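# Inside the fold
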Amino acid sequence: MNKLNFLKKIGFLEGLSFLVILFITMPLKYIFDYKGANYYVGMVHGVLFILYILWVLIVGIERNWTKKAIFLSLLASIIPFGTFWADKKYFK
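Procedures and definitions
Residues numbered from 1 in each chain as written. Predicted model: local features only at pLDDT ≥ 70, side-chain atom pairs only at ≥ 80, totals over all residues. Heavy atoms only, no water. Salt bridge = Lys/Arg side-chain N within 4 Å of Asp/Glu carboxyl O. Helix = DSSP H or I, 4+ residues; strand = E, 2+ residues; numbered from the N terminus. Buried < 20%, exposed > 50% of the residue type's maximum accessible area, 1.4 Å probe, protein only. Axes fitted to C-alpha atoms, helices over the stretch in contact; angles between N-to-C directions. Parallel < 35°, antiparallel > 145°, perpendicular 65-115°, else oblique. Contact = heavy atoms within 4.5 Å. Nonpolar A, V, L, I, M, F, W, Y, C, P; charged D, E, K, R; others polar.

What follows is about the pattern of salt bridges. On inspection of all chains with the given rule, the structure shows 2 salt bridges. Residue Glu-62 pairs with Lys-3 through a salt bridge whose shortest N-O separation is 2.9 Å. Of this pair, Glu-62 sits in helix α2 (residues 36-62) while Lys-3 sits in helix α1 (residues 3-31), and the two are 59 residues apart along the sequence. Judged by relative accessible area, which is 35%, Lys-3 ranks as partly exposed. Residue Asp-33 pairs with Lys-35 through a salt bridge whose shortest N-O separation is 2.8 Å. Look at Lys-35 and you get partly exposed, because its relative accessible area is 48%.

Shown next as structure tokens:
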């Protein structure tokens, strides 16, 4: 598997874990007072977030992306559905 394909997979998983946190585990935590799901999914999301940031930098530098492309790809990780947009826009 090459680095770009790995970035695509990490981006998808990071984006999916972010949506699970926002729409499933956070409501479970704050509405139903169930903290367990948020703890485990949050831990996985944290690891995926760090991997995503590192791989955007690695691939962006290796492929000579512009600073704007790298910045927007990094910014996408903190916006819901952002990594899916970054995949379509930059991870070609």
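What describes two packed helices is the angle between their axes and the distance between those same axes. Remark: α1 packs on helix α4 (residues 82-90), axes separated minimally by 8 Å, with the N-to-C direction vectors making an angle of 155°. Comparing their axes, α4 and α1 come out roughly antiparallel. Residue-level inspection shows Lys-8, Gly-11, Phe-12, Glu-14, Gly-15, Leu-16 and Leu-19 of α1 in contact with α4, the latter providing Thr-83, Phe-84 and Asp-87. Of the residues in the contact of α1 with α4, the class split is 4 nonpolar, 3 polar and 3 charged.

It is worth stressing that arrangement in space is one thing and function is another; only the former is reported here.
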